[in-house]
Amino acid sequence: MNQVIGLYSYWVVIVLMMAGLYIMIARYNLVKKIIGLGLFQTSIFYLYITLGKVDGGTAPILIDGENVVYSNPLPHVLILTAIVVGVATTAVALALVVRIHEAFGTIEEDELKAIDALEPDA
Amino acid sequence: METLVANVLLTFLVFIAIGIIVLRDLLGAVILLGVYSLIAAGAFVVMDAVDVAFTEAAVGSGISTILFLGCLSFTQHKQKPRGHDSLAALIFVVITGGLLIYGTLDMPHYGRADSAAQTHPELAVRFLEQSASEVGPPNIVTSVLASYRGYDTLGETLVVFAAGIAVLSLLGLKRTRREDEAPEHAPGDTPSADVDERR
């Protein structure tokens, strides 16, 4: 039981990660794929923040007092960077989707493949 | 108690993720993704990561939702129904997830103060003890972000700049020209077609 409580957050993170991966593999719609990517990214953020948490700790902002316990600030910094980079990735991906829709009139992967097979030069 | 709150919020996230998988309406899925980010931000506050929570709420739930909505306004709202066989994908995902869960069995438990991440003398311990005298600000995350890992932040800025250039070169200049030439292909016509479909 102790094991389950201690590891529960990791397991949920893995379930979320796999949900994102499943969307990316099994859904043909390109916007849906990017949503899956976002799901995957956020689950990774969660994994890092979970690793930084210390029981009975407080946010890593220095306060006066004896024996204050702080959570680990390093994962927070890494994830701050990752969130911003993740949004930059999403923006480029969505711009590509808009261009694909302009050029082909569809954002479904199988239809795109069919069009591509008909006119390989396009 | 804190752990309980965090775990309940995490469980919400799983339900939202299932909703995103099932939903065919892309607009609904995008809004669910925004809700997902917002709940994740709440959970980050419970886990003491207040700076991350700010950023996730503003950037993850705000800006990226706006980007998705902008993209949807240029494309279509519906994911086409597909009866394709996703059993192989399901099996692959379940096997990968099972292996990862097997890998967590010897990970440090949630909230343990004696795990390697918490006790490394050159990282967290040094930041907590020395940053007030070495850098100054009481918020240790700020000190680490701007000073100890300043090159990371510089690299992040470069990535965002590169992404901005990429988006502009993909969309920006070309779009205005195209709208001048053929206003009937303006972004508004796809959503109205979508409305027609719903009738």
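All values reported here derive from a predicted model rather than from experimental measurement.

Asker: Is there a simple way to think about the overall build of chain A in this case?
Answerer: When its secondary structure is counted, chain A shows four helices and zero strands. Beginning at the N terminus, the succession of helices and strands in chain A can be written as α-α-α-α. Judged by the C-alpha coordinates and their principal axes, chain A covers about 70 × 35 × 15 Å. For chain A, the proportion of its 122 residues judged to be buried stands at 54%. Long-range contacts, defined here as pairs at least 24 residues apart, represent 44% of the contacts in chain A between residues at least 6 apart. Chain A carries 6 positive and 11 negative side-chain charges, and their two centres are separated by 5 Å.

Asker: Looking at this structure, how should I read the side chain of S43(A)?
Answerer: Looking at the secondary structure, you find S43(A) in helix 2 (residues 30–52). Ignoring sequence-local partners within four residues, the contact set of S43(A) consists of V13(A), L16(A), M17(A) and Y36(B).

Asker: Please explain the domain arrangement of chain B as it appears in this structure.
Answerer: It is common to give the size of an interface as the accessible area that goes away when the parts come together. Taken domain by domain, chain B consists of domain 1 (1–80), domain 2 (112–148) and domain 3 (149–199). A C-alpha centroid distance of 30 Å is found between domain 1 of chain B and domain 2 of chain B.

Asker: I would appreciate a short explanation of the packing of aromatic side chains in the present structure.
Answerer: Centre-to-centre distance and the angle between the planes together describe a pair of aromatic rings. Applying the stated criterion across every chain yields a total of two aromatic pairs over all chains. Pairing Y46(A) with F44(B) gives two aromatic rings, centres 5.4 Å apart and planes at 45°, and the pair type is tilted. Residue Y46(A) is found in helix 2, and its partner F44(B) is found in helix 2 (residues 26–46); the two belong to separate chains. A relative accessible area of 1% places Y46(A) in the buried class. Consider the rings of F127(B) and Y148(B), whose centres lie 4.7 Å apart with planes at 45°: the pair is tilted. With a gap of 21 residues between them, F127(B) in helix 6 (residues 124–134) and Y148(B) in helix 7 (residues 140–148) connect regions that are remote in the sequence. Residue class for F127(B) comes out buried when judged on its relative accessible area of 5%. The class of Y148(B) is partly exposed, set by a relative accessible area of 25%.

Asker: Help me out: how do you make sense of the interface of chain A and chain B in this one?
Answerer: Taken together, the 78 residues of chain A in the interface contact 89 residues of chain B. Buried area between chain A and chain B, both sides added, is near 7900 Å², and the carbon and sulfur share of it is 73%. In this structure, K53(A) and D48(B) form a salt bridge, with 3.0 Å as the shortest nitrogen-oxygen distance. Our count for the chain A to chain B interface comes out at 13 residue pairs in polar contact (both at pLDDT 80 or more). Where the side of chain A that touches chain B is concerned, the elements lending two or more residues are helix 1 (2–26), helix 2, helix 3 (73–104) and helix 4 (109–118) of chain A. Broken down by element, the side of chain A that touches chain B gets its largest block of residues, 24 residues, from helix 3 of chain A.

Definitions and limits used
Residues numbered from 1 in each chain as written. Chains lettered and ligands numbered in written order. Predicted model: local features only at pLDDT ≥ 70, side-chain atom pairs only at ≥ 80, totals over all residues. Heavy atoms only, no water. Helix = DSSP H or I, 4+ residues; strand = E, 2+ residues; numbered from the N terminus. Buried < 20%, exposed > 50% of the residue type's maximum accessible area, 1.4 Å probe, protein only. Contact = heavy atoms within 4.5 Å. Lys, Arg positive; Asp, Glu negative; His and termini not counted. Charge placed at Lys NZ, Arg CZ, Asp CG, Glu CD. Domains from an automatic or database assignment. Phe/Tyr/Trp six-rings, centres within 6.5 Å; stacked < 30°, edge-to-face > 60°. Buried area = accessible area lost by both parts, 1.4 Å probe. Salt bridge = Lys/Arg side-chain N within 4 Å of Asp/Glu carboxyl O. Polar contact = N/O pair within 3.5 Å; in protein donor to acceptor, adjacent residues only side chain to side chain.

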